[in-house]
Structure formats: C-alpha cells, structure tokens
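# Coordinate analysis (summary)
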Amino acid sequence: MKEIESKLNKKIYYSIVWTVIAIILTGLFADNPRLNEFDLGYVFQLITGFSLSVCLLLYPKKETDLIRICIIVLASIYFYTLFLLYPETSSNFILLCFIPALSILFFNSKLFYFSLYLNAILILILFTYVLCVSNDHAYVNLELDLIGNFINFIASQVIVYFIFHLTNARMKQQQIYYEQIQQSERLKTSGQLAAAVAHEIRNPITVVKGFLQLFREEQTSLERKRHFNLMIDELNTAEQVISQFLSMAKPEQEKITEIVDVREVLQSVTDLLHSYGLLHDNRIELKVKGDCKTSANIIELKQLFINLIKNAIEASKIGDLVVVSAEVENDFVIIKVIDRGRGMSEAEVASLGTPFYSLKSKGTGLGLMICYNIVEKYNGIIDFESKQGEGTTATIRFPAVNKN
Ligand code: ADP
Ligand code: MG
C-alpha cells in the first residue's frame, strides 16, 4: 500500500521528518556532555542518528519493507543508545516504551509484531545488563525499582498494542468500504452501459423480426418455413433476455416502495399465470393465511413471484399441482412456492441466481438473479429446498409491516 502518495501527505511527512532530524541534531550538539569527549558511544549515536535520518528521508521514494525494517531497527538502536549513554536523562526510558508505536505509522501488522518482539528482547537484555553486568550504579532510576519499571514497560506495550489493534481494524474496515464503493461504482457504470446497449439492440431486433415474419408468410416450402420459425424463435429469446435485463436496470425513481398486501399481489400473479399453467395441465393453488403486508415495490414483487411460479410450472410434470402459500410468522411474511417437479441437485441449488445459469433450452438464466436482487433490496431472504425427482420449495421471508 502506498501511504505517502499525495502531495499533501508528502509535505506533512517531510515536515515531520525534518522536525525529527532537528531534534536528533539538537540532542547531538546542544549542551551534550559527550560532545567534548567525542568517544566511541557518541560516534555510534552520531552514525545511527545519521542513518535513521537518511532512511526517513529516503522512505517516500522507496516505500519498501526493507526500508521500513531499517527504520524500526535503527530507531530501536538509537533510542537504546540514548538510554545507555545518558543514564541521567531518566525520560529516555519512556522513549524505549514507545518504539513499537513507530511501526503503527506503516499500517503493517507483521512489522508491528516484529517491532514489538524486538523491543521485548532488547528490554530483557537491558534489564539483565543493568541487573547483572553494570556495577557502577549508573542506572539508578531503573535499579531502584526494577519490577515497577518492568511492569510499566509491559503496560506501555499493552497500550501500544491496543492503539495498533484499534487503528488497524479501522483502517481495514475503511479499506473494505472503499473497495466496495469502487466495485459498486464500476458495476453501476457497466450496468448503465449494458442497459443502454441492450435498449439499442431491441429496436433492430423488432424490425428484423417483423420482416422475418413477413417473409415466412411468403414461403411455400415447409423446410423454408421451419428455418424462418427457427430464426424468429431465436430472436424471441434475445428479446426476452433484453427485456428481463432492462427491467432490472430501470431508474430508481420508477420503483416506489409502499406497503403491499401480499395476498392481493399473489392473487393477481396466480390469475395471470393460470393460463400459462394450463398449457401443461398444471393448476396453481393459492393459500394465504392472515394479514400479509410488507414494504416493497408492487411491480418488483409481482416480477419476483412471476419468476418463481413460472419456474415451478416449467419444472412440473403434466398435471402436477403448484402450491403458493403465504402466512405471517414472528414478524415475517413467509411466502412459499412449492412444486413436485424435477427437483435439483445440491450443486444446481448452489448455482441458482448466477447470471445466465439455465438448464432450459430456451431459458435466459436471468429470472432468479432478478429474484435474488429484489429480495435483497427489501431486506428479505430467499431459500431453496429441493430434492431431485421430488420437487422444490422456494421460501421467501420479508419483514412484515403492521398497518392498522
Ligand atoms: P430460466 O428460467 O430462464 O432458466 P432462472 O434464473 O429462472 O432462469 O432459473 C435458472 C435455473 O434454475 C433453471 O434453468 C432451472 O434449471 C433451475 N430452477 C429454477 N427453479 C426451479 C424449480 N422450481 N425446479 C427445478 N429447477 C429450477
Ligand atoms: Mg425462470
């Protein structure tokens, strides 16, 4: 992840880094008791301070893990050097406690844990050194209350971890949200584009179909007529796909949400599909119990039930019954479309709702995708229970609305 991409971020970063460098330089040259001695320790501080500054300045140009690790390691070495070289400055211990906080800036969990472990190891080495090796009592503050200081160190690490955890979780959440927005914007644009294309295709298809029907009438040979029928059938399928697709891409303002009586909607849909069922001698039985009201768009709700009942009829054998039921249960309106048709395997059920998934020779595979979209839009749940050769039950749950 590029963190310092924008100009503003770069400006802020550089001003912070220059402030840090200024602090390092002040520490090195302003009233430093070791400056006159210029001993090995001081030279070491000078080198680590210089290397750390270079890494910090290089980082925006090369945002690599190697530089990040170098910054963490060098900062750790620098702060521990300060602690060891200037035992009289007791506040140096605070700096040691907050070394892992530096890695939070990189929003990288691995780096944070690396820094946390490194700091734990270094502090143990330091405590051992103060306790066992150093015998000139230079680190009196630490020695006097070794346990207290150790507990404080642990507490500071817990605080740093807590801050990291919260920031990291929020960052991740924000990133997911950002990606989702990008994805939905992309889908919206491609959906609009596809809808425009689909709309443009519909007109030429209608013209071609009209002429084909005209030419079909003029044909005398049965073979020729059959060819024309085939062409017209294929165009019908294309038209069907386009109109299903366009119905999904309708502008939002056309879709007003209102309180809908599911009983009325199911009654009108089953009346409409009654003759479709009779083609194969399938009857539709409607059973509604109670006051089934939900909040949705009536046209979309009809579209949902039409798709489900049509599928149930198409899966049924000649003479089979399709049962459509609705009832209210625990604040939900539960609608079931039950058929005793061919049924589906588990894999088939898992594929339902996938665009263009269809096992029918003339299917579009868009019906259930539209159903899933509509159900989700109105906070409902759709669920299929099916057994091959025995039939299918489609269950939809919508939040019930109590309108008195
Ligand atoms: P289409 O009806 O155009 O094929 P759908 O999205 O409506 O597209 O359905 C996709 C597929 O799901 C169907 O082709 C069919 O194989 C299967 N299917 C849907 N409903 C049922 C059902 N009630 N019984 C058996 N199979 C079904
Ligand atoms: Mg269908």
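All values derive from a computational prediction rather than experimental measurement.

Calculation criteria
- Residues numbered from 1 in each chain as written.
- Chains lettered and ligands numbered in written order.
- Predicted model: local features only at pLDDT ≥ 70, side-chain atom pairs only at ≥ 80, totals over all residues.
- Heavy atoms only, no water.
- Helix = DSSP H or I, 4+ residues; strand = E, 2+ residues; numbered from the N terminus.
- Rg over C-alpha atoms; globule rule 2.2 N^0.38 Å.
- Buried < 20%, exposed > 50% of the residue type's maximum accessible area, 1.4 Å probe, protein only.
- Contact = heavy atoms within 4.5 Å.
- Lys, Arg positive; Asp, Glu negative; His and termini not counted.
- Charge placed at Lys NZ, Arg CZ, Asp CG, Glu CD.
- Domains from an automatic or database assignment.
- Phe/Tyr/Trp six-rings, centres within 6.5 Å; stacked < 30°, edge-to-face > 60°.
- Lys NZ or Arg CZ within 6 Å of the ring centre and 35° of its normal.
- Polar contact = N/O pair within 3.5 Å; in protein donor to acceptor, adjacent residues only side chain to side chain.
- Salt bridge = Lys/Arg side-chain N within 4 Å of Asp/Glu carboxyl O.
- Pairing = 2+ DSSP bridges.
- Axes fitted to C-alpha atoms, helices over the stretch in contact; angles between N-to-C directions.
- Near = heavy atom within 4 Å.
- Areas by Shrake-Rupley, 256 points an atom, 1.4 Å probe, with all protein chains shown as cover.
- Nonpolar A, V, L, I, M, F, W, Y, C, P; charged D, E, K, R; others polar.
- Expected span 1.5 Å × (residues − 1).
- Parallel < 35°, antiparallel > 145°, perpendicular 65-115°, else oblique.
- Left-handed = near helix turned anticlockwise from the far one by under 90°.

Time to look at the overall build of the protein chain. Along the backbone of the protein chain there are 13 helices and 7 strands. Here the C-alpha atoms of the protein chain give a radius of gyration of 36 Å, more than 25% beyond the 22 Å that 2.2 N^0.38 yields for 404 residues. Per-residue burial for the protein chain yields a buried fraction of 37% across its 404 residues. Contacts in the protein chain between residues at least 24 apart in sequence constitute 69% of all its contacts with a sequence separation of at least 6. The averaged location of the 42 negative side-chain charges in the protein chain is 6 Å from the averaged location of its 38 positive side-chain charges.

For the protein chain, the domain assignment lists domain 1 (7–144), domain 2 (180–249) and domain 3 (258–399). Using only C-alpha atoms to locate each centre, domain 1 and domain 3 end up separated by 67 Å.

One pass over the structure, following the stated rule, counts 17 aromatic pairs. One aromatic cluster is present, formed by F83, F93, F127, Y129, Y139 and F150 through successive ring pairs. Over the aromatic face of Y276 sits the side chain of K310, whose NZ or CZ is 5.6 Å from the ring centroid.

We now examine the side chain of K293. Secondary-structure assignment places K293 in strand β3 (residues 293–296). Within the structure, the side chain of K293 is placed 2.9 Å from the side chain of D291, a separation counted as a polar contact.

A side chain with one charge may pair with a side chain of the opposite charge, provided their charged atoms come close. Applying the stated criterion to the full structure yields 12 salt bridges. Between R226 and E223 there is a salt bridge, with the nearest N and O atoms lying 3.7 Å from each other. Remark: E223 and R226 occur in helix α9 (residues 222–248); sequence separation between them is 3 residues, near one turn of the helix. With a shortest N-O distance of 3.3 Å, E300 and K377 are connected by a salt bridge.

This part covers the sheet that holds strand β4 (residues 321–329). If you walk across this open sheet you meet the 5 strands as β2-β4-β5-β7-β6, and the pairing is mixed. Only two strands of the sheet have a single partner each, and these edge strands are β2 (283–288) and β6 (381–387). In this sheet, adjacent strand axes meet at a mean angle of 15 degrees when their direction is disregarded. Note that β4 and strand β5 (residues 332–339) share 7 bridges and pair antiparallel. Residue pairing in the sheet places E327 in a bridge with I334 of β5. Where helix α10 (residues 262–278) meets the sheet, it contacts β2, β4 and β5, and its direction lies at approximately 170 degrees from that of β2.

Once that is clear, we can look at the site of ligand 1. Inspection of the region around ligand 1 gives 18 residues, with N311, S358, K360, T364 and L368 positioned closest. S358 is positioned such that a nitrogen or oxygen atom in its side chain is 2.5 Å from an oxygen atom of ligand 1. Within the contact set of ligand 1, an oxygen atom lies 3.0 Å away from a backbone nitrogen or oxygen of G365. Considering ligand 1 on its own, with 530 Å² of exposed area, one finds that the protein chains cover 94% of that surface. Classifying every residue of the shell around ligand 1 by side-chain character gives 8 nonpolar, 7 polar and 3 charged.

Time to look at helix α6 (residues 109–133). For α6, built from 25 residues, the straight-helix expectation of 36 Å at 1.5 Å per residue is met to within 8% by its first-to-last C-alpha distance of 35 Å. Looking only at α6, the buried set comprises L111, F112, S115, L116, N119, I123, L126, F127 and V130. Between the side-chain oxygen of the N-cap and the backbone nitrogen of K110 there are 3.0 Å, and the N-cap of α6 in question is N108.

Let us look at the packing of α10 against helix α11 (residues 298–315). Packing of α10 against α11 brings their axes to within 9 Å, and their N-to-C directions diverge by 40 degrees. The angle between α10 and α11 places the two elements in the oblique class. Here the hand of the crossing between α10 and α11 comes out right-handed. Counted together, V262, V265, L266, S268, V269, T270, L272, L273, Y276 and G277 of α10 and I298, L301, K302, F305, I306, I309, K310, I313 and E314 of α11 form the full contact between these two elements. Partitioning the contact of α10 with α11 into residue classes produces 13 nonpolar, 3 polar and 3 charged.

Turning next to α11. Between its terminal C-alpha atoms α11 stretches 26 Å, which fits the 26 Å expected from 18 residues at 1.5 Å a residue. Listed in full, the buried residues belonging to α11 are E300, L301, Q303, L304, F305, N307, L308, I309, A312, I313 and A315.

Glancing now at the environment of V130. Inspection of the secondary structure assignment puts V130 in helix α6. Taking the relative accessible area as the measure of exposure, V130 reaches 1% and is therefore buried. When the C-alpha atoms of V130 and L146 are compared, they prove to be 9.2 Å apart, with 16 residues separating the residues in sequence. Sequence-distant contacts of V130, defined by excluding residues within four places in its chain, comprise Y139, L142 and E143.

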